[in-house]
Amino acid sequence: MSVAPTDVITGILSRLPVKNLVRFKCVSKPWSSLIDGSYLSNLQLRRSFTSNANIKLLLDSYAEDDEYKAYSVDFDSLDNLEELPRPLSTTSFGVSSRIFSSCNGLLAISHDEAGIALWSPSTKECHYPPKLTIGDMYDVIILGFGYDVINNDYKVVRMLSSGKLVMIYSLKAKSWKRIKDCPYEITFHVSQDGAYANGSVHWVGVENDKDDDARVIFGLDIGIEEFHQLPGPESDISYKNFGYRSVGILGGSLCVFRDIYHQDNIVLWVMKEYGVRESWTEDFYVSRDECWQWCMYYTRAISYSRRGDRVLLDDGGRPRQPAWFNLDKRTREVVDIPGAPKHFNAIIFVESLASVLPGNH
């Protein structure tokens, strides 16, 4: 009996759901090695991003019994609800835990007391970096997570809102190290979790010793571990009449919300080009009358719909039900997921074979 060439087998496997691939590891040692290897993992991930397949919406929910739970649903249909074994789930009263970032199918979770966990919902793997004790209970901790393309490594960024004590955890090295302080401060007026795009984690902040109104978009290149400022969107709105509120990822691109002072609305800009010459496009604006949130200035953009005519929005860390905003009709529709908790934060992730185990990098 003839045996299919390895490249043919690899191509077929890369098109299968991750759950099936995990089960297929028991077929044989060669298959196990192939599925655990980086080549198939990267191929499967590229196919998912190209075809927009294997995309899940993760629901991070806080229950009345002081337990944090996570669920996933198919993003296109918003059905097939599945509860996931969320790490750092049980807590005590007044101690919080949240999923603060997603990258290549891996999720980063923060817990006030236990520290940080890196988790793959697809493979059920979990890794716990050593807990840091830098700072005290009065410090606001700023976090970010992303993939270091240069060194084939996943990294967590942790610093104080003042820009001091910047620490980076390398999954490959299994250790934290301190880098130079950040030249920007992140104030309590803006959303504080970093957004990963193009090899950098991004935030909104102000230059040290500058007025809080003079907010900028800045990033930390996690490959060379250097901070840099990005040019902001250009428009006919004068500099003093708006302020950046939060950065995020929309359609694979960096985006930023800003509010226009005294006009009671927010505007979303999306970066269409990134590199030597950044280019921003105004995507839409939404007013308080069109918005369902009490605190619309912390709004996060989660994802475009499959057809691109709607954007899924939530309120930036205050668990409620996200809603679709129709770009043409300018209407909103609260997301209704059968069996889902009443309130939750939402985040997009792609099912993948990416590993959080340090020895696989």
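All values derive from a computational prediction rather than experimental measurement.

Enquirer: Let's hear about the nonpolar core: which residues, and what values?
Expert: In this structure, Phe145, Met159, Trp203 and Phe227 are the most contacted members of the largest nonpolar core, which totals 35 residues. Put simply, the parts of the chain that give this core at least two residues each are strand 4 (97-103), strand 5 (106-111), strand 6 (115-119), strand 8 (141-148), strand 9 (153-160), strand 10 (167-170), strand 14 (200-207) and strand 15 (215-221). If we skip the residues at most four places from it in the chain, Met159 touches Val140, Ile141, Ile142, Lys164, Leu165, Val166, Cys182, Ile186, Trp203, Phe218 and Phe227. Counting residues in hydrophobic clusters, the runner-up holds 16 residues, among them Ile55, Tyr71, Leu312 and Ala346.

Enquirer: Could you give an account of the sheet that holds strand 4, naming the residues involved and the relevant values?
Expert: The sheet built from 4 strands is open, its strands ordered 4-5-6-7 with antiparallel pairing. Across the chains shown, the open sheet's two edge strands, defined by having one partner strand only, are strand 4 and strand 7 (126-127). Sheet analysis places strand 6 next to strand 7, joined by 2 bridges and oriented antiparallel. Paired with Leu118 across the bridge in strand 7 is His127.

Enquirer: Can you explain the sheet that holds strand 24 (residues 332-334)? Please cite residues and give values.
Expert: Here we have 4 strands laid out as an open sheet, ordered 21-22-23-24, and antiparallel in their pairing. Edge positions in the open sheet fall to strand 21 (300-304) and strand 24, since each of these has one partner strand only. Averaged over all neighbouring strand pairs, the angle between strand axes comes to 30°, with direction disregarded. Examined bridge by bridge, strand 22 (residues 310-314) and strand 23 (residues 323-326) share 4 bridges and lie antiparallel to one another. Looking across to strand 23, one finds that Arg310 is bridged to Asn326.

Thresholds applied
- Residues numbered from 1 in each chain as written.
- Predicted model: local features only at pLDDT ≥ 70, side-chain atom pairs only at ≥ 80, totals over all residues.
- Heavy atoms only, no water.
- Core = buried A, V, L, I, M, F, W, Y, C linked by side-chain atoms within 4.5 Å.
- Buried < 20%, exposed > 50% of the residue type's maximum accessible area, 1.4 Å probe, protein only.
- Helix = DSSP H or I, 4+ residues; strand = E, 2+ residues; numbered from the N terminus.
- Contact = heavy atoms within 4.5 Å.
- Pairing = 2+ DSSP bridges.
- Axes fitted to C-alpha atoms, helices over the stretch in contact; angles between N-to-C directions.

These figures come from the coordinates and say nothing about function on their own.
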